[in-house]
Amino acid sequence: MTTLAETPPFLKRLFERLDFAPQPIGAQTRHALEHWLASRRGVAPTFADVVADLRNCGFAFRAVPDARDYEIVIGAKAVAPLLGAVTEGARLSEAPDRRGAVRLRRLFDEVLRIGEPALVEFTLVEKGRDRAGVELLAAPLALADGALGAVLGALDIRRYEAPAPAREARPQGDESILLFALGSSLALGESVARELAVPLAPHEERRFEDGERKLRPLVGVRGKDAYVLASLEGEAGDSGADKLLRLVFFIGALRDAGAARVTAIAPYLCYARKDRRTKPQDPVATRYVAQILEAVGADRIVTVDAHNIAAFENAFRIESVALDAQALFARYFAQRLGAEPAAVVSPDLGGEKRAELFRQRLETMLARPVAKGFMDKHRSMGEVTGEIFAGDIAGRAVVILDDLISSGGTMARAARACRAHGATRIFLAATHGLFTRDAETTLREAPIEEIVVTDTVAPSDAHERLRGRLVIIGVAPLVAEAIARLHGAGSIDELLETGPKGAP
Ligand code: R5P
C-alpha cells in the first residue's frame, strides 16, 4: 500500500490517500477494478476490451499526443462531479473545475508511468465545508500499438450529511513565522512549511565524535516569532531523551540570539505516559519535561494527542496546546466504513473519553448511530491483565482508537476481544505509530484489517514491514493551521472543533 506519507509532494497536495494496491470500497470503483483485472491478459486491457462496460459506469480518457493533456472518450456524465459540465471529446484543460482537472491529469500521469491501477481518496470542499468523500480509481489502458496511452476511471462519492462548519481562510505566506524542523522531523517540517507557504528556516546540526551535538539557527532570529518542530519519539540510535535535549539546547540558542517568542512543537511528546504517581515515590516525568522546557525559555508547547490532556495541561505553566487528530481520523473512517454498521472501541479505560469524543464525531459525520465498547486493562511491572469487555459490537466494523501503538500488545488484545464479540472487520487507529520491539509480529497475528496512524512519528523500518496493512495520515495541515492561529490568525478551540482544512 502506498500511503500519503510516501507520496510525492505534488500528489500529497491533491489527495489524502494514494494506493497502488487498490482495494476499493465503493461499488463503481470496485466494479471497474474487477472488470479491468478480468480483461487484462498479461498486459493492460485496451479501450475496446472495456468500452461496453463503461457505458454503464465509469469513464475513459486518452492522452493527447505531445500535450500534457487528456481527452474524454466516454463517460462525461460520470466524471462531471469532478470536472463540472463536460462533453465527450473535450480536453481536461477545458474543464470548468480546474482543481478536478489537475487532480485527474496528475493521477493519469502516475498511472501511465507506473502501468498499474491506483486508488485515491480526497475530500470535496465547497465554500470552506467538507461536502463529500471521493474514492477514485484510475487504471491504464493500452492503445492499438500496445503502448499505454489511455486511462479507465470510476468514482464513488459519499456526500456528508452533516458537513463540518465553514472555517476561516488561513492567511498564506506569512514570512514573519520562523519555522525550524529538527532531525527526523524534517520531512514533517517541510510539509508544514508548504502548508503555511513559508520556507523552512535553515539551521545547523553538527554531531561530534562522542555523540554530542551542536545546533544553531542559520538565520537572524532577533525579535522573531520562532516555532521549533521536533517530534520526540525514540528511534534506533536516537532516544527520545537525546531529541528532547537537542530541542532544549536549540530553544536556548534561539533565546540567546534574541528570538521574541519560541514555541516548541513536539507532535509526539516523550515521557508523557508517566504523568502521575501510581507507586510510592514514583516520578511525574511529564512535569519534569515541562520544567526543563520552561527553564530554557520556551513560551509555548504544542503537541498532538497528549497521552492525558489534563496531565499535560497541568504540567506546563506556559501556554500548552493539545491538538488532536480526531477530525483527520473521522474523515478517513467516514469514507472507509461507508454504510457498514460501525462501533468505536477504547482498548483501555484511560482512553475511554478520547474514544467517546471520536465516536460522537464519527456519528455526526456518518449521520447514523455508532456503537461503543471498551476493554479493561491493567499494567503492572510490564505485565498486562484484564479481560472484561463491555459493548455491543456484534456484526459491526470496529475502529479501536488509542493515542499510540508501542509494542502493539494493547491493540492486539483489544482486537482479539472484538473478534470474540462478533466484530466483522477490525481497524486500528492511533495517532503515534511507535511500533517498538516485536510490534509487527504482535499485530500480524491479531485479527486486524488495517492500521491507521499519523506521521507524528517519522517512518521507520517497522512502518516498512507493516506495509500492506498500514495507512499513514498526514498531520501537517493540522500543525500548520495551529501555527497560523497561534501567530494571530484565529482560535485554537475552533480548530479542535472543526479540524484542519480538508483537501486543498
Ligand atoms: C497506555 O496508556 C497508552 O495509551 C497505550 O495504550 C499504550 O502505551 C500502548 O502500548 P503497547 O502498544 O505497548 O501496548
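Thresholds applied
Residues numbered from 1 in each chain as written. Predicted model: local features only at pLDDT ≥ 70, side-chain atom pairs only at ≥ 80, totals over all residues. Heavy atoms only, no water. Domains from an automatic or database assignment. Contact = heavy atoms within 4.5 Å. Buried area = accessible area lost by both parts, 1.4 Å probe. Salt bridge = Lys/Arg side-chain N within 4 Å of Asp/Glu carboxyl O. Polar contact = N/O pair within 3.5 Å; in protein donor to acceptor, adjacent residues only side chain to side chain. Helix = DSSP H or I, 4+ residues; strand = E, 2+ residues; numbered from the N terminus. Buried < 20%, exposed > 50% of the residue type's maximum accessible area, 1.4 Å probe, protein only. Phe/Tyr/Trp six-rings, centres within 6.5 Å; stacked < 30°, edge-to-face > 60°. Lys NZ or Arg CZ within 6 Å of the ring centre and 35° of its normal. Pairing = 2+ DSSP bridges. Near = heavy atom within 4 Å. Areas by Shrake-Rupley, 256 points an atom, 1.4 Å probe, with all protein chains shown as cover. pLDDT = per-residue confidence, 0-100.

Moving on to the domain arrangement of the protein chain. Where the parts come together, the accessible area they lose is often given as the size of the interface. Assigned domains within the protein chain: domain 1 (4-159), domain 2 (174-323) and domain 3 (326-474). Using C-alpha coordinates to define each centre, domain 2 is positioned 28 Å away from domain 3. With twelve residues of domain 2 in contact, the opposing surface of domain 3 contributes twelve residues. Taken together, both faces of the contact between domain 2 and domain 3 bury some 1,100 Å²; the carbon and sulfur share is 54%. Put simply, domain 2 and domain 3 have zero salt bridges between them. Here domain 2 is connected to domain 3 by seven residue pairs in polar contact (both at pLDDT 80 or more).

For Asp-66, which is not glycine, the phi torsion reads 60 degrees and is therefore positive. Looking at the secondary structure, you find Asp-66 in the loop between strand 2 (59-63) and strand 3 (70-74). Non-glycine residue Tyr-271 carries a positive phi angle of around 60 degrees. Its location among the elements puts Tyr-271 in the loop between strand 11 (261-266) and helix 8 (285-296). A relative accessible area of 44% places Tyr-271 in the partly exposed class.

Another point: the packing of aromatic side chains. Here a ring pair, both rings aromatic, is described through the centre-centre distance and the interplanar angle of the planes. Throughout the structure, instances matching the rule amount to nine aromatic pairs. The interplanar angle of 50 degrees and the centroid separation of 5.2 Å between the aromatic rings of Phe-61 and Phe-108 together place this pair among those described as tilted. Pair noted here: Phe-61 is in strand 2 and Phe-108 is in helix 5 (residues 98-114), with a separation of 47 residues, a long-range link. Each member of the pair Phe-61 and Phe-108 is classed as buried. Above the plane of the ring of Phe-122 lies Arg-103, whose end atom (NZ or CZ) is 4.0 Å from the centre.

To continue, consider the pairing of strand 9 (residues 213-217). As defined by bridge partners, strand 8 (residues 203-207) adjoins strand 9 across five bridges and the pair is classed as antiparallel. In the sheet register, Arg-207 faces strand 9, and the bridge partner there is Arg-213. Where strand 8 hands over to strand 9, the hairpin turn is made up of five residues, of which Gly-211 adopts a positive phi near 95 degrees.

Another point: the pairing of strand 14 (residues 342-346). If a strand is regular, its side chains alternate between the two faces of the sheet. Counted residue by residue, strand 14 has five buried out of five residues, so it is predominantly covered. When strand 14 meets strand 19 (residues 397-405), the two strands line up parallel, connected through four bridges. When the sheet's bridge partners are listed, Ala-342 is paired in strand 19 with Ala-397. Judged from the four bridges that link them, strand 14 and strand 15 (residues 371-375) form a sheet pairing that is parallel. Bridge pairing in strand 15 links Ala-343 to Ala-371.

Time to look at the environment of Thr-410. With respect to the helices and strands, Thr-410 occurs in helix 12 (residues 409-420). Judged by its relative accessible area of 12%, Thr-410 falls in the buried class. Spatially, the C-alpha atoms of Thr-410 and Pro-347 are 6.5 Å apart, while their sequence positions differ by 63 residues. What Thr-410 contacts, discounting residues up to four positions off in sequence, is Pro-347, Asp-348, Lys-377, Arg-379 and Asp-402.

Lining the immediate environment of the ligand, one finds 14 residues, of which Asp-402, Asp-403, Ser-406, Ser-407 and Thr-410 sit closest. Contacts to the ligand include Arg-273, whose side-chain N or O atom sits 3.1 Å from an oxygen atom. Between the ligand and the protein, one listed contact pairs an oxygen atom with a side-chain N or O atom of Asp-403 at 2.6 Å. Protein chains shield 89% of the accessible area of the ligand, which is 380 Å² for the free molecule.

Confidence in the prediction for the protein chain averages 89 pLDDT; 93% of positions are at 70 or higher. Low pLDDT, under 50, characterises residues 1-5; the predicted model gives this stretch 25 contacts beyond four residues in sequence or across chains. Note on residues 163-171: pLDDT is under 50 here. Beyond four places in sequence and across chains, it has 28 contacts.

By the secondary structure assignment, Asp-455 is in the loop between strand 21 (450-454) and helix 14 (461-465). Asp-455 sits in the buried class, given a relative accessible area of 15%. Apart from residues lying up to four places away in sequence, Asp-455 is in contact with Leu-188, Ile-472, Ile-473, Gly-474 and Val-475.

Counting through the fold element by element, Val-73 comes out in strand 3. Relative accessible area serves as the criterion here: at 23%, Val-73 is assigned to the partly exposed category. Separated by 150 residues in sequence, Val-73 and Gly-223 place their C-alpha atoms 58 Å apart. What Val-73 contacts, discounting residues up to four positions off in sequence, is Phe-47, Ala-60, Phe-61, Arg-62 and Glu-88.

This part is about the environment of Ala-390. Checked against the element boundaries, Ala-390 lands in strand 18 (residues 389-391). On the basis of relative accessibility, which here comes to 29%, the residue Ala-390 falls in the partly exposed class. With near-sequence residues (within four places) excluded, Ala-390 lies in contact with Lys-372, Gly-373 and Phe-374.

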